[in-house]
Amino acid sequence: MTSLELASLGKDATALCTTLRSEPVSATSWSHQVLDIMTAQDLARRALFLFLHFAEQPARARPEGRQALVHLGRVAESAQVVSGELTAALARKADNERVAALRNAPVFVGPSPAQRVAVAAGLLAKVPAECAEGAKWVSAAERLQAARERTASTTSPTPATASTSTPRRR
């Protein structure tokens, strides 16, 4: 199930990335920017949920499972950073508008809103590949764990032999 959820997460990240790259920040409404931030936060929440869910599975103890956790963590981290960058872009846009209203010229200190959105889009562009890699490791870990459990359940305990049983006396 985690593999399918990772694929869905990757598709949603691609959709948000496409949205961010298709509209200039200056032409984007406040409400649209807030919705983009909320979408990024939802991606981060879902990635963290998948991380927690998989971390509680027996398969995570395998090397493949630990590798899957690395990828799940990277996806969550990227989504969190994207959310932060988009929030910073929103704040900078508001500050620029405030300063422009006072001085008739914006003051640019630090990255512009467009630069922050570009950083966010760049990070989002990497998320689908990270999701696919994570899904591969999750599948491998779950498959190997299932095989291990099948082997353990089909192995019967050894019956007592004559040498281990107590001798009978007449």
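Computed from a predicted model, the values in this text were never measured in an experiment.

Caption draft 1: Examining the overall build of the chain more closely. Within the chain, the secondary structure is distributed over four helices and zero strands. Shown N-terminal to C-terminal, the secondary structure of the chain runs as helices and strands in the order α-α-α-α. Taking as baseline every contact in the chain between residues at least 6 positions apart, the subset at least 24 positions apart corresponds to 78%.

Caption draft 2: Fine view of the environment of Arg-66. Its location among the elements puts Arg-66 in helix 3 (residues 63-103). In this structure, the C-alpha to C-alpha distance between Arg-66 and Ala-141, residues 75 residues apart in sequence, is 8.7 Å. One polar contact links the side chain of Arg-66 to the main-chain carbonyl oxygen of Ala-61, over a distance of 2.3 Å.

Caption draft 3: Looking closely at the nonpolar core. Ranked by internal contacts, the top residues of the largest apolar core, which has 34 residues, are Leu-6, Leu-9, Leu-20, Phe-54, Leu-86 and Leu-124. Of all elements in the fold, only helix 1 (2-22), helix 2 (30-55), helix 3 and helix 4 (113-154) reach the threshold of two or more residues within this core.

Caption draft 4: Molecular detail of the packing of aromatic side chains. For the structure shown, the criterion picks out zero aromatic pairs. Across the ring face of Trp-30, the terminal group of Lys-93 is positioned such that the distance to the ring centre comes to 4.9 Å.

Parameters and conventions
Residues numbered from 1 in each chain as written. Predicted model: local features only at pLDDT ≥ 70, side-chain atom pairs only at ≥ 80, totals over all residues. Heavy atoms only, no water. Helix = DSSP H or I, 4+ residues; strand = E, 2+ residues; numbered from the N terminus. Contact = heavy atoms within 4.5 Å. Polar contact = N/O pair within 3.5 Å; in protein donor to acceptor, adjacent residues only side chain to side chain. Core = buried A, V, L, I, M, F, W, Y, C linked by side-chain atoms within 4.5 Å. Buried < 20%, exposed > 50% of the residue type's maximum accessible area, 1.4 Å probe, protein only. Phe/Tyr/Trp six-rings, centres within 6.5 Å; stacked < 30°, edge-to-face > 60°. Lys NZ or Arg CZ within 6 Å of the ring centre and 35° of its normal.

Coordinates in, geometry out; function isn't part of it.
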